[in-house]
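Here is how the chains run, residue by residue.
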Amino acid sequence: GAGVSQSPRYKVAKRGQDVALRCDPISGHVSLFWYQQALGQGPEFLTYFQNEAQLDKSGLPSDRFFAERPEGSVSTLKIQRTQQEDSAVYLCASSLSPSSYEQYFGPGTRLTVT
Amino acid sequence: DQQVKQNSPSLSVQEGRISILNCDYTNSMFDYFLWYKKYPAEGPTFLISISSIKDKNEDGRFTVFLNKSAKHLSLHIVPSQPGDSAVYFCAAGGQGSTLGRLYFGRGTQLTVWP
């Protein structure tokens, strides 16, 4: 079956622009995570959804970051007024249930802020 | 503070030999550990996991060992193959935080040469 997909794969934004990154999780997966991966680092947690409910957003670095999953499937991560330090790969992952630790990742969106 | 640490940024092994990748963690609340493999321009791919109630889990050429008293785990790949060349991430999850949230190390680049 289809895995997790993300779009766009690459995004270049001028500083101050808003961007929206999309994630399509595996069908039927209840849990959805967003991670940020800076160059040379491991993925770092941003936020977590269980169905449409955002249960943890403690990893979002500032109030410029906003995520939603209105119908419990597709999710969008929005970054307002992008800054250079937002440049990173943004990874989306889904898992079957809240008790399942095995997460399946999409290919990521590489965001470059110039 | 990094709760999951991979202290070796790189490892080079000859084809056919054993690869041993190491990982240390600091949070005693972690009760589930995973290894992910990542090729360039792709998202991390789940490889193998282990629950804290076990000390070993094996899947084909891949074995993960967990030493809870030392807060240390390792991934053994035997025999190593050139296609195993990738970045390997250690990840941990636990009851003390958002269900399913994973903490990642910085990764180890494995190179298997013929």
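Everything numeric here is computed off the predicted structure, so don't read it as measured data. (Residues numbered from 1 in each chain as written. Chains lettered and ligands numbered in written order. Predicted model: local features only at pLDDT ≥ 70, side-chain atom pairs only at ≥ 80, totals over all residues. Heavy atoms only, no water.)

### Some words on the state of the cysteines
Working step 1: Inspection of every chain in the model, using the stated rule, returns two disulfides over all chains.
Working step 2: Across the disulfide from A:Cys23 sits A:Cys92; the S-S distance is 1.8 Å. Judged by the sign of its S-S torsion, about -65 degrees, the cystine formed by A:Cys23 and A:Cys92 is left-handed. Taken together, the residues A:Cys23 in strand S3 (residues 19–24) and A:Cys92 in strand S9 (residues 88–95) connect sequence positions 69 residues apart. Both residues of the pair, A:Cys23 and A:Cys92, count as buried.
Working step 3: For B:Cys23, the disulfide goes to B:Cys90, at an S-S distance of 2.0 Å. On the sign convention where negative is left-handed, the bridge of B:Cys23 and B:Cys90, at about -75 degrees about the S-S bond, is left-handed. Of this pair, B:Cys23 sits in strand S3 (residues 19–25) while B:Cys90 sits in strand S9 (residues 86–94), and the two are 67 residues apart along the sequence. Considered together, B:Cys23 and B:Cys90 belong to a single accessibility category, that of buried residues. (Disulfide = S-S within 2.5 Å. Helix = DSSP H or I, 4+ residues; strand = E, 2+ residues; numbered from the N terminus. Buried < 20%, exposed > 50% of the residue type's maximum accessible area, 1.4 Å probe, protein only.)

### Considering the sheet that holds strand S8 (residues 75–79) of chain A
Residue and element names in this part refer to chain A.
Working step 1: Taken in spatial order, the four strands line up as S1-S3-S8-S7 in an open sheet, and their pairing is antiparallel. Single-partner strands in this sheet number two, and they are strand S1 (5–7) and strand S7 (65–68). Each adjacent strand pair in this sheet contributes to an overall mean axis angle of 15 degrees, direction not counted.
Working step 2: Where S3 and S8 come together, five bridges link them in antiparallel fashion. Residue pairing across strands places Cys23 opposite Ser75, the latter belonging to S8. (Pairing = 2+ DSSP bridges. Axes fitted to C-alpha atoms, helices over the stretch in contact; angles between N-to-C directions.)

Keep in mind that these numbers describe shape and distance, not what the molecule does.
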